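Observations on chain architecture
Spelled out from the first residue to the last, the chains are:
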Amino acid sequence: MRRPMVAGNWKMHGTRASVAELINGLAQQQISADVDVAVFPSTLHVLQVVSGLAGSDFAVGAQDCAIDPQQGALTGEVAASQLHDAHCSLVLVGHSERRSVLGETDQVVTRKFAAAQSSGLTPVLCVGETLAQREAGQTLEVVAAQLSAVIDVLGVEVFAQAVIAYEPVWAIGTGLTASPEQAQDVHAAIRAQLAAKSPELAGQVRILYGGSVKAASAAELFGMPDIDGGLVGGASLNADEFGAICRAAGS
Ligand code: PEP
């Protein structure tokens, strides 16, 4: 039985004041103990969030890490070991905004995945197809290639300590959500790809759905057999909405 997980990606949002407000709002949410909940503030606000949520059940993650795990001469980057030192326990790798806007390749994403794990962080590997790729019937091929890029270099065993997020690019921040059936098809294919190498591990890996998840759509998505929770962007900036999504994962 996989424990559901809901992760809130705050992206490049927030000021110290709005982050403090969000922390207060989150602290008031009643969330089932059966759900793992994590928030991913901007790196600038990680320490504020870690201290604001200390003693709660919320985990804190980062939105990215450097390709090298250790501190060093890499201006502007943050090492996974530094994130670990700041009490982050997870990190997103390969978010589509970084792949498309910043040109992150599968090779870079794989290095970040490895850097995260070697520093004791759980990577959340984001995969997903663009609208053009979906319309060309390439969804499963694209997602399989993004997953293979990590498996081929690091081995399937690394997914024992990782989370996968399927995020169709056309659904991120657009208000369009994949239907539960569309999402389930891709989640099942991801799990089958893992199962071909390790059936036991495939049964344990959590695969989150991301793409305009709202409280109103969450329960139906999370009710699908291979959807183990959500990676939530915009709706995670509203504590009550995010709390409702987390509650949907526990029901
Ligand atoms: C995301 O950024 O990972 C995401 C899913 O965003 P949104 O929920 O806003 O589509």
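Structure first, text after, so check above.
Now for a look at the structure at hand.

What counts and how
- Residues numbered from 1 in each chain as written.
- Predicted model: local features only at pLDDT ≥ 70, side-chain atom pairs only at ≥ 80, totals over all residues.
- Heavy atoms only, no water.
- Pairing = 2+ DSSP bridges.
- Helix = DSSP H or I, 4+ residues; strand = E, 2+ residues; numbered from the N terminus.
- Axes fitted to C-alpha atoms, helices over the stretch in contact; angles between N-to-C directions.
- Contact = heavy atoms within 4.5 Å.
- Expected span 1.5 Å × (residues − 1).
- Buried < 20%, exposed > 50% of the residue type's maximum accessible area, 1.4 Å probe, protein only.
- Arc of directions from axis to C-beta.
- Phe/Tyr/Trp six-rings, centres within 6.5 Å; stacked < 30°, edge-to-face > 60°.
- Core = buried A, V, L, I, M, F, W, Y, C linked by side-chain atoms within 4.5 Å.
- Salt bridge = Lys/Arg side-chain N within 4 Å of Asp/Glu carboxyl O.

Right, let's get into the sheet that holds strand E1 (residues 5–9). With parallel pairing, the eight strands of this closed barrel are ordered in space as E1-E2-E3-E4-E5-E6-E7-E8. Taken over all neighbouring pairs, the strand axes of this sheet differ in orientation by 25° on average, direction set aside. Relative to strand E2 (residues 36–40), E1 is paired through five bridges, and the arrangement is parallel. Within the sheet, the bridge partner assigned to Gly-8 lies in E2 and is Val-39. Helix-sheet contacts for helix H5 (residues 106–118) involve strand E4 (90–93) and strand E5 (122–127), and the interaxial angle to E5 is about 160°.

If you check helix H1 (residues 16–27), its first and last C-alpha atoms are 16 Å apart, about what 12 residues at 1.5 Å a residue would give, namely 16 Å. Those residues of H1 not exposed but buried are Val-19, Leu-22, Ile-23, Gly-25 and Leu-26. The buried residues of H1 occupy an angular sector of 165° when projected down its axis, which confines them to one face. Among the exposed residues of H1, those pointing more than 90 degrees away from its buried face are Arg-16, Ala-17, Glu-21 and Ala-27. Looking at the buried positions of H1, the neighbouring elements they touch are E2, helix H2 (46–52), strand E3 (58–62) and helix H11 (239–250).

Here we come to the packing of aromatic side chains. Inspection of every chain in the model, using the stated rule, returns two aromatic pairs. Measuring from ring centre to ring centre gives 5.3 Å for Phe-113 and Phe-159, while their planes differ by 55°; the resulting arrangement is tilted. Of this pair, Phe-113 sits in helix H5 while Phe-159 is found in the loop between helix H7 (139–154) and strand E6 (163–166), placing the two residues 46 residues apart along the sequence. In terms of burial, Phe-113 and Phe-159 fall into one category: buried.

It is worth spelling out the nonpolar core at this point. Counting residues in each nonpolar core, the largest one holds 65 residues, and the members touching the most others are Phe-159, Ile-190, Leu-194 and Phe-222. When residues of this core are assigned to their parent elements, the largest contribution, six residues, is made by H11. With sequence-adjacent residues up to four places away left out, Phe-159 is seen in contact with Phe-113, Leu-125, Leu-147, Val-150, Ile-151, Ile-164, Leu-194, Leu-201 and Val-205. Core analysis: the next-biggest nonpolar cluster, separate from the first, contains 12 residues, Cys-126, Val-163, Ala-165 and Leu-231 among them.

Further remarks concern the pattern of salt bridges. All chains considered together, the criterion is met by 13 salt bridges. Asp-64 is paired through a salt bridge with Lys-112; the nearest N and O atoms lie 2.9 Å apart. Taken together, the residues Asp-64 in the loop between E3 and helix H3 (80–85) and Lys-112 in helix H5 connect sequence positions 48 residues apart. Just as Asp-64 is buried, Lys-112 falls in that class too. By sharing partners, the salt bridges in this structure join Arg-2, Arg-191, Asp-226 and Asp-228 into a single network.

Mapping Glu-104 onto the fold places it in the loop between helix H4 (96–101) and H5. Classification of Glu-104 as buried rests on a relative accessible area of 9%. With residues up to four places along the chain from it excluded, the contact list for Glu-104 reads Asp-64, Gly-94, Arg-98, Arg-99, Val-109 and Lys-112.

Here we come to the pairing of E6. Across a regular strand the side chains alternate sides, sitting on one face of the sheet and then on the other. By the alternation rule, side chains of E6 split into Val-163 and Ala-165 and Ile-164 and Tyr-166, which are all buried. Bridge analysis of E5 against E6 gives four bridges, and the strand direction is parallel. Residue pairing in the sheet places Leu-125 in a bridge with Ile-164 of E6. The pairing of E6 with strand E7 (residues 206–210) spans four bridges and is classified as parallel. Across the sheet, residue Val-163 finds its bridge partner in E7, namely Arg-206.

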